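Summary of the model geometry
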Amino acid sequence: RLPGFGLILSLLGIAVQLVCMLVLPWVSASAAGGQELTLPQLWDLATGANPQGFGGWYLIVFSYPLAALGIVLALVSVLESVAGKVIFACIAILGIGYLVVRYGVGPAAGLFGEEKGFSRQEMIAVGIGVGALVLVLIMLKAGLAMFRRIAGLVLLGMAGVHVYALQDLFADGEGLTPFGAYGPAVGYGLSGIAALIGP
């Protein structure tokens, strides 16, 4: 039996994402002092510099987890498996719980050597976590066809978030390489279209 168009598109999107997240440079040599920077190198630099704003938070906190979650979501949505849906929900809930504790409730409670009390960043992290948890629970309760449609919209939304974060972090995208930096958004988009098409 030949694989469906949705599965082929999803696998293509996942391949694009992996190559862009691990191999291709995101920042051009002219913008980085003669050296092209891949995402792992950029992540190391950004972690040491403690960047602020939405783009900085996306790069440090959400870039890798969203990519992993997007890959799992893309596969589950085109394979239409109940077991896959449960596995996705478990991974998502564990990931969301970690992010809320590490970047929201934990720092507010003084667990990670920071001052007690909720700052704006901690409140945003908790809000994003609660919103994501509600969405995951809705997706878990939905039937397979509705799960696939919601997954497609979530993946297309991830593509938009990725582009917005890059624009925020790099002043309208100056110095970014088009294939490496914007490739994950293409991968999310292909996977989202694949999820909407179905297996």
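See the structure printed just above.
The notes below deal with the structure included here.

**Examining helix α3 (residues 53–79)**
- Given a rise of 1.5 Å per residue, 27 residues ought to cover 39 Å, and the 37 Å separating the end C-alpha atoms of α3 matches this to within 8%.
- The largest bend along α3 reaches roughly 60° and is located at Phe62, with the proline Pro65 sitting one to four residues downstream.
- Positive phi appears at Glu80, one or two residues downstream of α3, with a value of about 50°.

**Let's talk about the nonpolar core**
- In this structure, Trp26, Leu73, Met139 and Tyr188 are the most contacted members of the largest nonpolar core, which totals 44 residues.
- Where this core is concerned, the elements lending two or more residues are α1 (5–22), β1 (25–27), α2 (39–49), α3, α4 (82–109), α5 (120–141), α6 (144–169) and α7 (178–197).
- Considering each element in turn, this core owes the most residues, 12 residues, to α3.

**Some remarks on the side chain of Lys85**
- Along the chain, the position of Lys85 falls in helix α4.
- What Lys85 contacts, discounting residues up to four positions off in sequence, is Val76, Met139, Leu140, Ala142, Gly143, Leu144 and Phe147.

**Describing α6**
- Its 26 residues give α6 an end-to-end C-alpha distance of 37 Å, which sits within 8% of 38 Å, the value for a rise of 1.5 Å per residue.
- Taken together, the buried positions of α6 are Phe147, Arg148, Ile150, Ala151, Gly152, Val154, Leu155, Met158, Ala159, His162, Ala165 and Leu166.
- Residues of α6 that are buried in the fold lie against β1, α3, α4, α5 and α7.
- Ala171 lies just past α6 and shows a positive phi near 40°.

**A few points about the packing of α5 against α6**
- For the pair α5 and α6, interaxial distance at closest approach is 8 Å and the crossing angle is 150°. The angle between the axes of α5 and α6 places the two elements in the roughly antiparallel class. Relative to α6, the crossing made by α5 is left-handed. Mapping the contact onto sequence places Leu135, Ile138 and Met139 in α5 and Phe147, Ile150, Ala151 and Val154 in α6.
- Across the contact of α5 with α6, the residue classes break down as 7 nonpolar, no polar and no charged.

**A look at the environment of Ala194**
- Locating Ala194 in the fold gives a position in helix α7.
- Sequence separation between Ala194 and Ile138 is 56 residues, and the spatial gap between their C-alpha atoms is 21 Å.
- In this structure Ala194 touches Gly6, Leu9, Ser10 and Val78, once residues within four positions along its chain are discounted.

**A look at the layout of surface pockets**
- Each pocket or cavity is described by its volume, and for the largest pocket that value is around 650 Å³.
- Within the residue set of the lining of the largest pocket, elements represented by two or more residues are α3, α4, α5 and α6.
- For the lining of the largest pocket, the element with the highest residue contribution is α3, accounting for 10 residues.
- Broken down by class, the residue content of the lining of the largest pocket amounts to 26 nonpolar, 3 polar and no charged.

What counts, and where the lines are drawn
- Along each chain, residues carry numbers from 1 onward, in the same order as the chain's sequence is written.
- Reporting of local features is limited, given that this is a predicted model, to residues whose pLDDT is at least 70; pairs of side-chain atoms are given and counted only at 80 or more, and all residues count toward the totals for whole chains, interfaces and linings.
- As a rule here, side-chain values come from all non-hydrogen atoms in the structure, and water together with hydrogens is ignored.
- Strands are runs of DSSP state E lasting at least 2 residues, helices are runs of H or I lasting at least 4, and numbering of each runs from the N terminus.
- In this scheme, a helix's expected span is set at 1.5 Å multiplied by one less than its residue total.
- Throughout, bend refers to the angle between the axes fitted to the seven residues that end at a position and the seven residues that start at it.
- We call a set of buried residues a nonpolar core when its members are Ala, Val, Leu, Ile, Met, Phe, Trp, Tyr or Cys and they connect through side-chain atoms within 4.5 Å of each other.
- Relative accessibility decides the category of a residue: with a 1.4 Å probe and only protein chains considered, values under 20% of the type maximum give buried, values over 50% give exposed, and everything between is partly exposed.
- Any two residues having at least one pair of non-hydrogen atoms within 4.5 Å are treated as being in contact.
- Angles run from 0 to 180 degrees between N-to-C directions of axes, and those axes are lines fitted to C-alpha atoms, restricted for helices to the stretch in contact.
- Our angle categories are set so that under 35 degrees counts as roughly parallel, over 145 as roughly antiparallel, 65 to 115 as roughly perpendicular, and the remainder as oblique.
- Definitions for this section: a left-handed crossing has its near helix turned counterclockwise from the far helix by less than a right angle. A right-handed crossing has that turn clockwise.
- The nonpolar class holds Ala, Val, Leu, Ile, Met, Phe, Trp, Tyr, Cys and Pro. Asp, Glu, Lys and Arg form the charged class, and all remaining residues, Gly among them, are polar.
- A 1.4 Å probe that fits into a set of points on a 1 Å grid over the protein atoms alone but cannot get out defines a cavity; an open set with protein on both sides within 12 Å along at least five of seven lines defines a pocket, and lining residues are those with an atom within 4 Å of a point.
- Grid points are joined across faces, edges and corners, and a volume is the space filled by probe spheres set on the points.

On their own, these measurements won't tell you what the molecule is for.
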